[in-house]
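Per-entry structural report
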Amino acid sequence: MGTPAAPTFTRAAVAPGILGAIVLLAGAALFGDESYIIIRYAVSILALIITVFVIQAKSWWWLLGLVPIAVLWNPIVIIPLEGQGWESAQYIAALVFIIAGIRTKVPVKHA
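Residues numbered from 1 in each chain as written. Predicted model: local features only at pLDDT ≥ 70, side-chain atom pairs only at ≥ 80, totals over all residues. Heavy atoms only, no water.

What follows is about the side chain of S44. With respect to the helices and strands, S44 occurs in helix α2 (residues 36-57). Within the structure, the side chain of S44 is placed 3.3 Å from the backbone oxygen of A70, a separation counted as a polar contact. Once residues lying within four places of it in the same chain are set aside, the contact partners of S44 are A70, W73, N74 and P75. (Helix = DSSP H or I, 4+ residues; strand = E, 2+ residues; numbered from the N terminus. Polar contact = N/O pair within 3.5 Å; in protein donor to acceptor, adjacent residues only side chain to side chain. Contact = heavy atoms within 4.5 Å.)

Turning to helix α3 (residues 63-72), a few remarks are in order. Taken together, the buried positions of α3 are occupied by L66, I69 and A70. Viewed end-on, α3 has its buried residues packed into an arc of 95 degrees, placing them on one side of the element. Elements in contact with the buried residues of α3: α2 and α4 (84-103). (Buried < 20%, exposed > 50% of the residue type's maximum accessible area, 1.4 Å probe, protein only. Arc of directions from axis to C-beta.)

Where helix α1 (residues 14-27) meets α2, the closest approach of the two axes is 9 Å, and the angle between their N-to-C directions is 160 degrees. Accordingly, the angle class assigned to the pair α1 and α2 is roughly antiparallel. The handedness of the crossing between α1 and α2 comes out as left-handed. Within the contact between the two elements, α1 uses P16, G17, L19, G20, V23, L24 and G27 and α2 uses Y36, I39, A42, V43, L46, I49, I50 and F53. Among the residues forming the contact of α1 with α2, the class breakdown is twelve nonpolar, three polar and no charged. (Axes fitted to C-alpha atoms, helices over the stretch in contact; angles between N-to-C directions. Parallel < 35°, antiparallel > 145°, perpendicular 65-115°, else oblique. Left-handed = near helix turned anticlockwise from the far one by under 90°. Nonpolar A, V, L, I, M, F, W, Y, C, P; charged D, E, K, R; others polar.)

Take the nonpolar core next. The biggest cluster of nonpolar side chains holds 23 residues, and the ones touching the most others in it are L24, V43, I50, L66, I69, W73 and F97. Of all elements in the fold, only α1, α2, α3 and α4 reach the threshold of two or more residues within this core. The contacts of L66, once residues within four sequence positions are left out, are A47, I50, T51, V54, V96, F97 and A100. (Core = buried A, V, L, I, M, F, W, Y, C linked by side-chain atoms within 4.5 Å.)

Right, here's the structure in full:
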């Protein structure tokens, strides 16, 4: 038995992706409430964290889904969206978080 080979990549975006999906699905219950601002903060921050991993992995196409999520759920400059389209965007964003988290492979830098 030899020494196992060092991994060439890591899936660092999986945890924030799953956490973001959980926050979005939990936020569906708070939709329209004043405490929804907490959901906006969490989703926007997690989208930016996954964006950093996507840039490190050079998987640029995921930016097409993650950047709009970070902008639309931005708690500082709120874009007033409501209705059934906004509610369905919660589920679409959750799918983007999960799929981007699983598919992003960040290369490991060996010293």
